[in-house]
Amino acid sequence: MYDLLLFWIWSVLVMRITELEKTLNNHLVAHLKGVSRSWTDNIFGYSGNGKSALVKSIATTNDCVLIKVPVAQLETADLVGTPHPVQIRPNLYVQMYALPNWLPHIRVDENNKEIYHTFEDGITRPLIDVDLLGAKAENRAELEEKLGENWKDKVKGAVLFFDEINRAFDDQMKNGIFEFIENGRLHTYQSPWNTYRVSAMNPPNAKYFVNEMTDDKAFAMRSIHYVLDATPEEWLIWAEARGINETIRDFIAADPSALMENEEPISLPNNRSPRSYEMLSVLMDETDFPSNPSTKKEIYYGTIGKDYGNNFAKHERQKFEKIPHPKEILSNYSSIRSILLEMKESRNDFLNMVNQYMLAFLSREDNAKHVFYSEEDALQITNEEQYALHPYNEQVMENFKQFVSDMYPSSKSTFMRKATNYSHMNAILINDVSIYNMLEQEATEAYESE
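Keep in mind that this is a model prediction, so the values were computed, not measured. (Residues numbered from 1 in each chain as written. Predicted model: local features only at pLDDT ≥ 70, side-chain atom pairs only at ≥ 80, totals over all residues. Heavy atoms only, no water.)

Enquirer: Just to check I follow, could you spell out the pairing of strand S11 (residues 195-201) for this structure?
Expert: The side chains of a regular strand alternate between both faces of the sheet. The buried fraction of S11 amounts to seven of the seven residues, a majority that puts the element mostly inside the structure. Burial along S11 is two-sided: the residues Thr-195, Arg-197, Ser-199 and Met-201 and Tyr-196, Val-198 and Ala-200 are all buried. In the sheet, strand S2 (residues 40-44) pairs with S11 via five bridges, with the strands oriented parallel. Looking at S11, one finds that Phe-44 is bridged to Met-201. (Buried < 20%, exposed > 50% of the residue type's maximum accessible area, 1.4 Å probe, protein only. Helix = DSSP H or I, 4+ residues; strand = E, 2+ residues; numbered from the N terminus. Pairing = 2+ DSSP bridges.)

Put into structure tokens, the structure is as follows:
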């Protein structure tokens, strides 16, 4: 039954539903094994396209209790708890919170000691207190049917599903969601390690009232994002397997536009940051990372954004282990030049990264001094005027000029302008006017060729 519910969900980028299900399933399995850093998978999709069915299926398949938190339907206290003062010493009170009832807790015995269980896969996990969740456990009936007698002792963990998170109506709710999605904490509460967090957003348009979280960069770089949509073709497969009336199926097959209203395209947030790359590293190293190139690209898009996700996919596909270090280029350019010239034919993104790395390296005066001058001279240069008093390393300067000469014509002047914006680089390069003459000559030739 659970697999049938998945037929009508479709990623508008390229990921097939089977690959999407496998990806999210792998992430849940990784959390059940224990990961060095947890994360939240966030699903963008219009209302009714099957997000809840997908999450419920994955939770039940992996013997996890599903806790759905319908953000748009909750009051502030229901989501983040109720504040109350607690006296910690005479005349000293602190504000604490009575925690909301959707939070999963570890089951305890009669001595208030947490209960752990070793499962058939050999992993010892804390038991989730299903009774404490009550009706908040969305898949109680499905788990009882699947696991049979004593099913509560066989639950391996919890899936927390925050639905419509960008419809929280006040700052306290948004801050509570933000904190929990980032690290599984709320006030003094910390969720058990065998929990997996998933959130969902309705994209902003004229039909949905949403808050600014949709475009919040701080939120964007703390989650992995996916875009889902429904297609009539897959819905028809699902409908037939589910036993939907044949006349209805024939009607949709004849007029697919009748299935649902056309919605505006959804774009993923641009969310690259050092934190995003750390998250991607955990995915690549600690999950059953997919081998399918299109699926991998979807994950890259959702982690570091579409543009840099494309660049990273190209980088990985062509198996370049690393960007050449600027010091290698300046000290021994002949050993690297063939790689850069090869990239010039097909990988402008790679060359742009090389150029940016070089500029970042040269922006630090200590780096520039110690590569263009001998160690002894570099220590004696303490201001800009002293650069002209010491001879630079001629081989390094020749390597630098050759490196600039090999750039795309459109990149050379921009690169030099940025490099000479650093006062120490301007003081170094002004002593060799040949590089400026080269740029001037190339500009003249380009003008005459036009």
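Let's pick the thread back up.
Enquirer: Hey, could you run me through the packing of aromatic side chains in this one?
Expert: The geometry of an aromatic ring pair comes down to the distance between the two centres and the angle between the two planes. This structure, assessed with the given rule, holds 11 aromatic pairs. Judged by centre distance (5.3 Å) and plane angle (75°), the rings of Trp-102 and Phe-180 are edge-to-face. In this pair, Trp-102 is assigned in the loop between strand S5 (92-98) and strand S6 (116-118) and Phe-180 in helix H7 (residues 171-183), connecting sequence segments 78 residues apart. The pair formed by Trp-102 and Phe-180 is uniform in burial state, with each residue classed as buried. Here the aromatic rings of Tyr-373 and Tyr-387 are separated by 5.8 Å at their centres, their planes lie at 50°, and the arrangement is tilted. Highlighted residues: Tyr-373 in the loop between helix H17 (365-372) and helix H18 (375-380) and Tyr-387 in the loop between H18 and helix H19 (394-405), separated in sequence by 14 residues. The buried category is assigned to Tyr-373, whose relative accessible area is 4%. Accessibility expressed as a relative area gives 0% for Tyr-387, which makes it buried. Through successive ring pairs, a cluster of aromatic residues spans Tyr-333, Phe-372, Phe-400, Phe-403 and Phe-415. (Phe/Tyr/Trp six-rings, centres within 6.5 Å; stacked < 30°, edge-to-face > 60°.)

Enquirer: Explanation requested: empty space enclosed by the protein in the structure shown.
Expert: To locate leftover empty space, one rolls a probe as large as a water molecule over the atoms. The tally for this structure, following the rule as stated, stands at four cavities of 30 Å³ or more. For the largest cavity, the calculated volume is near 100 Å³. Elements represented by at least two residues in the lining of the largest cavity include exactly helix H15 (337-344) and helix H16 (348-362). Take the lining of the largest cavity: its biggest share by element is three residues, from H15. For the lining of the largest cavity, a count of residues per class yields seven nonpolar, two polar and two charged. In this structure, the second largest cavity spans a volume of roughly 60 Å³. If you go around the second largest cavity, the residues you meet are Arg-37, Ser-38, Trp-39, Ile-181, Glu-182, Met-221, Arg-222, Arg-275 and Met-279. (1 Å grid on protein atoms, 1.4 Å probe; cavity = no way out; pocket = protein on both sides within 12 Å on 5 of 7 lines; lining within 4 Å. Points joined across faces, edges and corners; volume = space filled by probe spheres on them. Nonpolar A, V, L, I, M, F, W, Y, C, P; charged D, E, K, R; others polar.)

Enquirer: So what exactly am I meant to see when it comes to the packing of helix H3 (residues 51-61) against helix H6 (residues 140-147) here?
Expert: For the pair H3 and H6, the least separation of the axes is 10 Å and the interaxial angle reads 30°. On the basis of their axis angle, the class for H3 and H6 is roughly parallel. The handedness of the crossing between H3 and H6 comes out as right-handed. Counted together, Lys-56, Thr-60 and Thr-61 of H3 and Glu-142, Leu-143 and Lys-146 of H6 form the full contact between these two elements. Class assignment for the residues of the contact of H3 with H6 results in one nonpolar, two polar and three charged. (Axes fitted to C-alpha atoms, helices over the stretch in contact; angles between N-to-C directions. Parallel < 35°, antiparallel > 145°, perpendicular 65-115°, else oblique. Left-handed = near helix turned anticlockwise from the far one by under 90°. Contact = heavy atoms within 4.5 Å.)

Enquirer: Looking at this structure, how should I read the environment of Arg-275?
Expert: Positionally, Arg-275 belongs in helix H11 (residues 274-286). A sequence separation of 28 residues divides Arg-275 from Thr-303, and the C-alpha atoms of the two residues are 9.7 Å apart. Once residues lying within four places of it in the same chain are set aside, the contact partners of Arg-275 are Arg-37, Glu-182, Met-221 and Arg-222.

Enquirer: It is not clear to me how the nonpolar core should be interpreted in this structure. Could you clarify?
Expert: Note on soluble globular proteins: their nonpolar side chains tend to be buried together. Of all hydrophobic cores here, the largest spans 35 residues; its most connected members are Phe-372, Phe-400, Phe-403, Val-404 and Phe-415. Within the residue set of this core, elements represented by two or more residues are helix H14 (326-331), H15, H16, H17, H19, helix H20 (409-420), helix H21 (423-429) and helix H22 (434-449). Of all the elements, H16 adds the most residues to this core, at seven residues. Counting residues in each nonpolar core, the second largest holds 32 residues, with Ile-128, Val-155, Phe-162 and Ile-177 among its members. (Core = buried A, V, L, I, M, F, W, Y, C linked by side-chain atoms within 4.5 Å.)

On their own, these measurements won't tell you what the molecule is for.
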